[in-house]
Amino acid sequence: MLTVTLPDGSQREYESSVTAYDVAAEIGPGLARAAIAAEVDSQLVDLHEQLPSVGEIKLRLLTKRDSESLDMLRHSCAHVMAQAVMRLYDGVQLAFGPCTETGFYYDFELEHPISEDDFPKIEAEMRKIVKAGDRFERLDLPREESLTICRELGQDFKVEHIETGLADQESLSFYRQGEFMDLCRGRHIPSTSHIGKAFKLLSVAGAYWKGDSSNKQLQRLYATAFFDKKELETHLNQLEESKHRDHRVLGKKLGLFEIDDQVGSGLVLWKPRGAVVRQELQNFIMSHLKRQGYSQVFTPHIGKLGLYRTSGHFPYYQDSQFPPLVDRDQMKKLADEGCSCSDLANMIRDGEVDGYLLKPMNCPHHIRIYASDKHSYRDLPVRLAEFGTVYRWEQSGELGGMTRVRGFTQDDAHLFVTEDQLADEIVGCLDLVKIVLGTLGMENYRVRVGLRDPDGDKYVGDPDQWDRAEAACQQAAEGMGVEFTLEKGEAAFYGPKIDFVVRDVIGRQWQLGTVQVDYQLPERFDLEYTGADNKQHRPVMVHRAPFGSMERFVGVLIEHFAGAFPLWLAPEQVRLLTVSDKSEAYGRKVEASLAEAEFRVTGDYRGQKLGAKIREAQLSLIPYMFVVGEKDAENGTVTVRDRIEGDLGAMPVKEAIAKIRQEIQDRTVRQVAK
């Protein structure tokens, strides 16, 4: 007998095997029509999948109102899109078709170059498949039979993936709808008819098989889907708005940054105007760090491999790091001995050959600074802060403007504390992140407490220490006064963390500020302090970065403000405009006064019409324009134009300066993304 417990605590018993759909139908026909999937003991299952025939289970029936359902809809729609492409074009090889935060994509290899001109035809074929209402049917098959099916289907990528990526799997699952069949973990909605009409193809791009540039190049078809047409229309409007806010376009237009092929993909060149934004953010955070008792440090961009072996960053995260640098004399000696590249890689991995690494993290360097002095409990907490640049080897297909790069600067800090100080220090770090986001008007965020996955194998250290660290993080999050979620598997390998996930103007989520608790690295590096009992004790580390990556943060900030930064961040705060040549001398005098008062000001003394100058300044997103004419020269005034409010009229120069100085001091944000 099977006992099913529902979310309201009620129970139902079944003598024979049933599906989640059968349970829904028994509860009522309305629920049976609305249900699209189920959760059994916290695991998603298909609505028509057979439940266990005996025992007890907890069952939750999912409808389109449940958050998990949207990804299932989109994943199912990806299969429909792949089916449509295969119907329309010959020789299609299927790669992968996962969901993204705002939709889904599918990677294909085919001779026909898909363009936006093909989208109406593909969407029309998708509508036919949706109308047919074919059931998504799951097939669980033995490994060899799965290989045979993929070979018979002529799907070479799937064969390779089974032989390599799924080499340890004894059985595999497929999903079939109509004539289409694909290797897939699932889960899926009941049938194609559940997809409805709210889907849209968005763009096409190049991609590499498994993200490796040495593999075949594929065509990646992006799309999205919703349960409701209004939601789709809202999303499409957001996408249209995002084109005007794209930080890559605005960054170039406003002269903020450049990514140059000759320098390298994913490596940002901060131009003078962009450097102003970055420096102002750094100055802002440093003022708070000084008040909280941080000490600034500077560390090199590379370190010995042994340092990162001790920390655990190498070789465990070797694939996401730049290759090690080996002493040239040692390289020559090994080459003369006939050492191959693979032999050298193995020797580096096993520690037989030493070298240097572009630093992937700042924490090992800060640890060595702490370890360079003896510490008493009276010295703690020790708070070390650095704007430290780190390097990660991101796949070329994953790079994106400033938000996904290979070299980025963290507003990093590491706190070395006693266990009794831990709770208060976490709260102080969280308050700092809240100050940053609040000051910039970034109120649309969620808090994620990342815990270890009990079944994961990437975590190191004593389980009791993990329990204490996770409890400290959860307690600190509870005291913030904002909603938060506990998410298993999101912890770092050395400890739990609290992340601030900011939602941008088009609904994408970016992990920006972070606070992490770490008992493990102090153990690995044998860090100590002398306690009140005159014995040696181990400190606890707190890693924190309110901005996260300066590159990512500024990229998101550009889109958040659509390039129209608040006055205190604006690269050019005031533009002085002359009505005619007759007022140039007075204009230059006012400009000098503004510059002396440390405002970022430029003067436009060209012989063009004033209206053209105003339009140009407006398009350049300058917060304030000070217009001067002959009358202003006589009265000692300027006519103030606000980018947001327009003409504010004539003011004495001192009054105008006081107005904008106050706005800068208050770090006022008057306009943000809606």
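Shown above is the structure to which this text applies.
Residues numbered from 1 in each chain as written. Predicted model: local features only at pLDDT ≥ 70, side-chain atom pairs only at ≥ 80, totals over all residues. Heavy atoms only, no water.

Caption draft 1: Fine view of helix α5 (residues 143-153). Among the residues making up α5, those that are buried are Arg 143, Ser 146, Leu 147, Ile 149 and Cys 150. The buried side chains of α5 occupy one side of the element, clustering within an arc of 160° when seen end-on. α5 presents Glu 144 and Glu 152 as exposed residues on the side facing more than 90 degrees away from its buried surface. Close packing links the buried residues of α5 with β8 (137-142), α6 (156-163), β9 (171-177) and β10 (180-183). Taken from the residues just after α5, Gly 154 is the one with a positive phi, measuring 75°. (Buried < 20%, exposed > 50% of the residue type's maximum accessible area, 1.4 Å probe, protein only. Helix = DSSP H or I, 4+ residues; strand = E, 2+ residues; numbered from the N terminus. Arc of directions from axis to C-beta. Contact = heavy atoms within 4.5 Å.)

Caption draft 2: Just empty space enclosed by the protein, in detail. In this structure the tally under the stated criterion is four cavities of 30 Å³ or more. Size it by volume and the largest cavity reaches roughly 90 Å³. What lines the largest cavity is a set of 13 residues, among which Phe 565, Pro 566, Leu 567, Arg 643 and Ile 644 lie closest to the centre. Residues that form the lining of the largest cavity fall into these classes: seven nonpolar, two polar and four charged. (1 Å grid on protein atoms, 1.4 Å probe; cavity = no way out; pocket = protein on both sides within 12 Å on 5 of 7 lines; lining within 4 Å. Points joined across faces, edges and corners; volume = space filled by probe spheres on them. Nonpolar A, V, L, I, M, F, W, Y, C, P; charged D, E, K, R; others polar.)

Caption draft 3: Focus on the side chain of Thr 63. Within the element layout of this structure, Thr 63 appears in the loop between β5 (55-62) and α3 (67-88). A relative accessible area of 16% means that Thr 63 is categorised as buried.

Caption draft 4: Fine view of the sheet that holds β10. Strand order in the open sheet formed by three strands is β8-β9-β10, and the pairing between neighbours is antiparallel. Edge positions in the open sheet fall to β8 and β10, since each of these has one partner strand only. Here the average twist between neighbouring strands, direction ignored, is 25°. Relative to β10, β9 is paired through four bridges, and the arrangement is antiparallel. (Pairing = 2+ DSSP bridges. Axes fitted to C-alpha atoms, helices over the stretch in contact; angles between N-to-C directions.)

Caption draft 5: Inspection of the pattern of salt bridges at higher detail. Overall, the coordinates contain 41 salt bridges when judged by the stated rule. With a shortest N-O distance of 3.9 Å, Lys 359 and Glu 386 are connected by a salt bridge. Of this pair, Lys 359 sits in the loop between β17 (356-358) and α13 (363-371) while Glu 386 sits in strand β18 (residues 382-391), placing them 27 residues apart in sequence. The class of Lys 359 is buried, set by a relative accessible area of 1%. What makes Glu 386 buried here is its relative accessible area of 4%. Each of the salt bridges in this network shares a partner with another, and the network as a whole consists of Glu 39, Arg 60, Asp 66 and Glu 68. (Salt bridge = Lys/Arg side-chain N within 4 Å of Asp/Glu carboxyl O.)

Caption draft 6: The environment of Leu 44, seen in detail. As for its position among the elements, Leu 44 is in strand β4 (residues 43-46). Placed 143 residues apart in sequence, Leu 44 and Arg 187 show a C-alpha to C-alpha distance of 7.0 Å. Aside from chain neighbours lying at most four places away, what touches Leu 44 is Ala 38, Glu 39, Leu 62, Glu 68, Met 72 and Arg 187.

Caption draft 7: A look at the pairing of strand β2 (residues 11-14). As judged from the four bridges shared by strand β1 (residues 2-5) and β2, these two strands associate in the antiparallel manner. Pairing of Val 4 across the sheet is with Arg 12, part of β2.

Caption draft 8: Broad picture of the nonpolar core. Membership of the largest hydrophobic core comes to 62 residues, with the highest contact counts inside it found for Leu 281, Leu 440 and Phe 553. It is helix α14 (residues 422-439) that contributes the most residues to this core, eight residues altogether. With residues near it in sequence (within four places) discarded, Leu 281 still touches Leu 440, Phe 547, Met 550, Phe 553, Val 554, Leu 557, Trp 568 and Leu 569. Grouped together as the second largest cluster of nonpolar side chains are 37 residues, Val 85, Tyr 89, Tyr 106 and Val 130 included. (Core = buried A, V, L, I, M, F, W, Y, C linked by side-chain atoms within 4.5 Å.)

Caption draft 9: View of the environment of Ala 650. Tracing the chain through its elements places Ala 650 in strand β31 (residues 646-652). Relative accessible area serves as the criterion here: at 54%, Ala 650 is assigned to the exposed category. On a C-alpha basis, the gap between Ala 650 and Asp 632 in space is 7.9 Å, while along the polypeptide they are 18 residues apart.

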